[in-house]
Amino acid sequence: MPLLSPDTLAHCELCPRRCSADRAHGGRGICGAGGTLKLARAALHLWEEPPISGESGSGTIFFSSCPLKCVFCQNHEISTGNFGLEVPEERLVQIMLELQEQGANNINLVTATQWAHLLPHSIRAARARGLTIPIVYNTSGYELVDAVAELGDLVDVWLTDFKYASAGLAASLSNVADYPAIAEAALAQMAREIERRGGTRFDDDGLMRQGIIVRHLVLPGHVADSLRVLDRIWNSVGDVPISVMNQYTPNAAMRRQGGELARAVTDEEYERVLDHADDLGFTTMYWQQGGAVDESFTPAFDTTGVLSPAIAPTARRGQS
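Treat the numbers as computed from the prediction; the structure is a model and nothing was measured. (Residues numbered from 1 in each chain as written. Predicted model: local features only at pLDDT ≥ 70, side-chain atom pairs only at ≥ 80, totals over all residues. Heavy atoms only, no water.)

### Concerning the nonpolar core
Rules: Buried Ala, Val, Leu, Ile, Met, Phe, Trp, Tyr and Cys residues that are joined via side-chain atoms within 4.5 Å together make up what is termed a nonpolar core. Exposure classes here rest on a 1.4 Å probe applied to the protein chains alone. A residue is buried below 20% of its type maximum, exposed above 50%, and partly exposed in between. We count a stretch as a helix when DSSP gives it H or I for four or more residues in a row; a strand needs E for two or more, and each element gets its number in order from the N terminus. We call two residues in contact when some of their heavy atoms are within 4.5 Å.
Core analysis: the largest hydrophobic core is formed by 85 residues, its most contacted members being I61, F63, L109, L119, I233 and I242. It is helix α7 (residues 179-196) that contributes the most residues to this core, 7 residues altogether. Every residue in contact with L119, bar those within four places of it in the chain, is listed here: F63, L92, L109, A112, Y137 and L151. Counting residues in hydrophobic clusters, the runner-up holds 7 residues, among them I52, M208, I213 and Y286.

### Examining the state of the cysteines
Worth spelling out the cut-off: The disulfide definition used here is simple: a pair of cysteine sulfur atoms within 2.5 Å.
Throughout the structure, instances matching the rule amount to 0 disulfides. The cysteine C12 is free of any disulfide, with C19 supplying the nearest cysteine sulfur at 5.6 Å. When its relative accessible area of 8% is taken as the criterion, C12 is described as buried. C70 takes part in no disulfide bond, and the closest cysteine sulfur, belonging to C73, lies 6.1 Å away. Look at C70 and you get buried, because its relative accessible area is 15%.

### Section: helix α8 (residues 223-237)
Put simply, the rule is: Helices are assigned an expected span. That span is 1.5 Å times one less than the residue count.
Look at α8: 21 Å from first C-alpha to last across 15 residues, which is about the 21 Å you get at 1.5 Å a residue. Buried within α8 we find V223, D225, S226, L227, V229, L230 and I233. In this structure, the buried residues of α8 make contact with α6 (167-174), α7, β8 (208-217), β9 (242-245) and α10 (267-280). With its phi angle positive at about 75 degrees, G238 sits one or two positions after the end of α8.

### Thoughts on the pattern of salt bridges
Condition: In the sections that follow, a salt bridge refers to a side-chain nitrogen of Lys or Arg positioned within 4 Å of a carboxyl oxygen of Asp or Glu.
Here the structure, examined in full by the defined rule, presents 14 salt bridges. As a salt-bridge pair, R91 and E98 come within 2.8 Å of each other at their nearest N and O atoms. Take R91 and E98: they sit in the same class, and that class is buried. Through salt bridges with shared partners, a single network forms among E48, E49 and R215.

### Re the packing of α8 against α10
Quick reminder of the rule: Between N-to-C directions, angles span 0 to 180 degrees; the directions come from axes that are lines fitted to C-alpha atoms, helices contributing only their stretch in contact. Here roughly perpendicular refers to angles of 65 to 115 degrees, roughly parallel to angles under 35, roughly antiparallel to angles over 145, and oblique to all remaining angles. Should the near helix be turned anticlockwise from the far one by less than a right angle, the crossing is left-handed, and should it be turned clockwise, the crossing is right-handed. Following the grouping adopted for this structure description, the nonpolar residues are Ala, Val, Leu, Ile, Met, Phe, Trp, Tyr, Cys and Pro, the charged ones are Asp, Glu, Lys and Arg, and the polar ones are all others, Gly among them.
The N-to-C vectors of α8 and α10 enclose an angle of 20 degrees; their axes lie 10 Å apart at closest approach. The pairing of α8 with α10 is recorded here as roughly parallel in orientation. In terms of crossing hand, the pair formed by α8 and α10 is right-handed. Residues V223, S226, L227, L230, D231 and W234 of α8 touch α10, and the partners they reach there are E269, R272, V273, H276, A277 and L280. Residue composition of the contact of α8 with α10, by class: 7 nonpolar, 2 polar and 3 charged.

### Things to note about empty space enclosed by the protein
Spelled out, the test is: Computed over the protein atoms alone on a 1 Å grid, cavities are sets of points where a 1.4 Å probe fits but cannot get out and pockets are open sets with protein on both sides within 12 Å along at least five of seven lines; a residue lines them when it has an atom within 4 Å of a point. Grid points are joined across faces, edges and corners, and a volume is the space filled by probe spheres set on the points.
One pass over the full model with this rule turns up 4 cavities of 30 Å³ or more. When its volume is computed, the largest cavity comes out at roughly 780 Å³. The wall of the largest cavity is formed by 34 residues, among which N75, D161, K163, R215 and Q247 lie closest to the centre. Taken together, the elements giving at least two residues each to the lining of the largest cavity come down to β2 (58-63), α2 (76-79), β5 (135-139) and β8. Among the elements that line the lining of the largest cavity, the one with the most residues is β8, at 3 residues. Classifying every residue of the lining of the largest cavity by side-chain character gives 17 nonpolar, 13 polar and 4 charged. Taken as a whole, the second largest cavity encloses approximately 80 Å³ of empty space. Lining the second largest cavity are 13 residues, and of these C12, L14, C15, C19 and C31 lie nearest its centre.

Below you can see the structure in the form of structure tokens.
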């Protein structure tokens, strides 16, 4: 039986936690997801990397729940709070088509891991009804190699995090000690899938039609781990486009806790990571100018677009 089959929900192993929850009969996984699709927002988003957002925006669909439990998560309302509205799978297909109608450059599936069993049928159904723009899989990087392989012909752009190089840091901040090994294996499979399909492609407007962008969020006080993350990316898949982000914003829990994660990343910390990326030889790097620490990078999770089409935004803030 394929991993990404609705029939597997009775013994869920969609993510590397393989918690075996019976989501088909009322159970919930460690991720917090049950048996009915739950979405928190569906709208054009203008603050992704330039080849994803472009000028008209990325058609982002935010899925509720998350296999990770990052203590600093800025999307905690949906990742651990499980906020969202339950909708049938057919609504997901409709949303993809509505976002294309609004002018989206792509369909950006944000944290869809725990709902990936619905994606093969939904994407194919949307394609059959006229969806022509690329599918972007926006993930924490905590993915099973088998899941990546099964999505290989359906996902056009892998927008993946690589959060940690240290198992200890991954355990303390995201409750998954196996994160570095899992993320590296998943990234290698993403690279194989893109290579199998002919490699990275951009259109005449500079928008990515097919490929990988690896994101890394620099955390205050953990620059040494960031440098090792870049080493692992380089050693695993070589010169892929990377996005080095300095938008870390302490959430309320981190502010109460105090310590390094209660502050923003300093300019010196960020520059050290950028310099190391240059030294390694990355030729395509997206970076954020000063002032990136801002709540505007986190959209309002208010169920916009979930039950009816959203109104397209009129302003943007970009990345460099």
